[in-house]
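Observations on chain architecture
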Amino acid sequence: MSYLPNAAIVIPAGEGRPIPGDGLLIPNLVGKVTADQGSGSIAVMEGTAEPGFGPPTHIHHSSEELFYVLQGQMDFQIGDQRVSATPGTLVMVPRGTVHAPRVVGRERARFLVIFAPAGPDGLFYEIAALAQENGGAINDNDSRIEALAVKYDTEHVGPPLQ
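Residues numbered from 1 in each chain as written. Predicted model: local features only at pLDDT ≥ 70, side-chain atom pairs only at ≥ 80, totals over all residues. Heavy atoms only, no water.

Here we come to the overall build of the protein chain. When its secondary structure is counted, the protein chain shows two helices and 11 strands. Starting at the N terminus, the α and β elements of the protein chain follow one another as β-β-β-β-β-β-β-β-β-β-α-α-β. What you see for the protein chain is a C-alpha radius of gyration of 15 Å, in line with the 15 Å of a compact globule of 162 residues. Over its C-alpha atoms, taken along the principal directions, the protein chain stretches across nearly 45 × 35 × 30 Å. Expressed as a percentage of its 162 residues, the buried residues of the protein chain come to 43%. For the protein chain, restricting intrachain contacts to residue pairs at least 6 apart in sequence, the fraction spanning at least 24 positions comes to 67%. For the protein chain, the accessible area works out to roughly 8000 Å², and carbon and sulfur atoms hold 54% of it. Counting 10 positive and 18 negative side-chain charges, the protein chain places the centres of these two groups 5 Å from one another. (Helix = DSSP H or I, 4+ residues; strand = E, 2+ residues; numbered from the N terminus. Rg over C-alpha atoms; globule rule 2.2 N^0.38 Å. Buried < 20%, exposed > 50% of the residue type's maximum accessible area, 1.4 Å probe, protein only. Contact = heavy atoms within 4.5 Å. Areas by Shrake-Rupley, 256 points an atom, 1.4 Å probe, with all protein chains shown as cover. Lys, Arg positive; Asp, Glu negative; His and termini not counted. Charge placed at Lys NZ, Arg CZ, Asp CG, Glu CD.)

On to the environment of I19, then. Within the element layout of this structure, I19 appears in strand 1 (residues 17–19). The buried category is assigned to I19, whose relative accessible area is 2%. Note: C-alpha distance between I19 and P101 (82 residues apart in sequence) is 18 Å. Sequence-distant contacts of I19, that is, excluding residues within four places in its chain, are made with I26, P27, N28, L29, G31, M45, F124, Y125 and A128.

This brings us to the sheet that holds strand 8 (residues 90–93). The six strands are arranged 1-2-3-10-5-8 in an open sheet whose pairing can be described as antiparallel. Each edge of the sheet is formed by a strand with only one pairing partner; in this case those strands are strand 1 and strand 8. Averaged over all pairs of adjacent strands, the angle between their axes in this sheet comes to 20°, without regard to strand direction. As paired elements, strand 3 (residues 43–49) and strand 10 (residues 109–116) share seven bridges and run antiparallel to each other. Along strand 10, the bridge assignment pairs A49 with A109. Each of strand 1, strand 2 (28–33), strand 3 and strand 10 touches helix 1 (residues 121–133); the most contacted strand, strand 1, lies at about 65° to it. (Pairing = 2+ DSSP bridges. Axes fitted to C-alpha atoms, helices over the stretch in contact; angles between N-to-C directions.)

Backbone torsion omega between A116 and P117 reads -5°, so that peptide bond is classified as cis. Mapped onto the elements of the fold, P117 is located in the loop between strand 10 and helix 1. Positive phi, close to 55°, is recorded for D153, a residue that is not glycine. Along the chain, the position of D153 falls in the loop between helix 2 (143–151) and strand 11 (154–158).

Encoded structure:
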């Protein structure tokens, strides 16, 4: 496998860099293309999450975030609009836009998360590391979370969607 800026990257099915979810701020993710691979212009993660899962409402100031729903149903708050997404739906959130996803219905969701440019994906790796330090879970009031969000140019602005 090659990670040179002009070389192709091939990640076989079932492979990638695991990011174990903490059940609170991040779902279970697998990094397919990370910020340190390729040119840094894109990061791709595959995720799964149970019904009810959703991170706090937030803003990525320097990257677009795209979601592609593969299975299940998700709702998205994007600015002041709420939209529903079923398999095959792509949701693109422009940088600087308040947003939040939530898994709805009774079925686990499976989806792709894409950042362009890459960068905010690092937040997921670091939150997962904090969770590992604390037996697999973290307190959403942990001040280290906000420090990491700032590091990755992300701002938490409200609670998760209900």
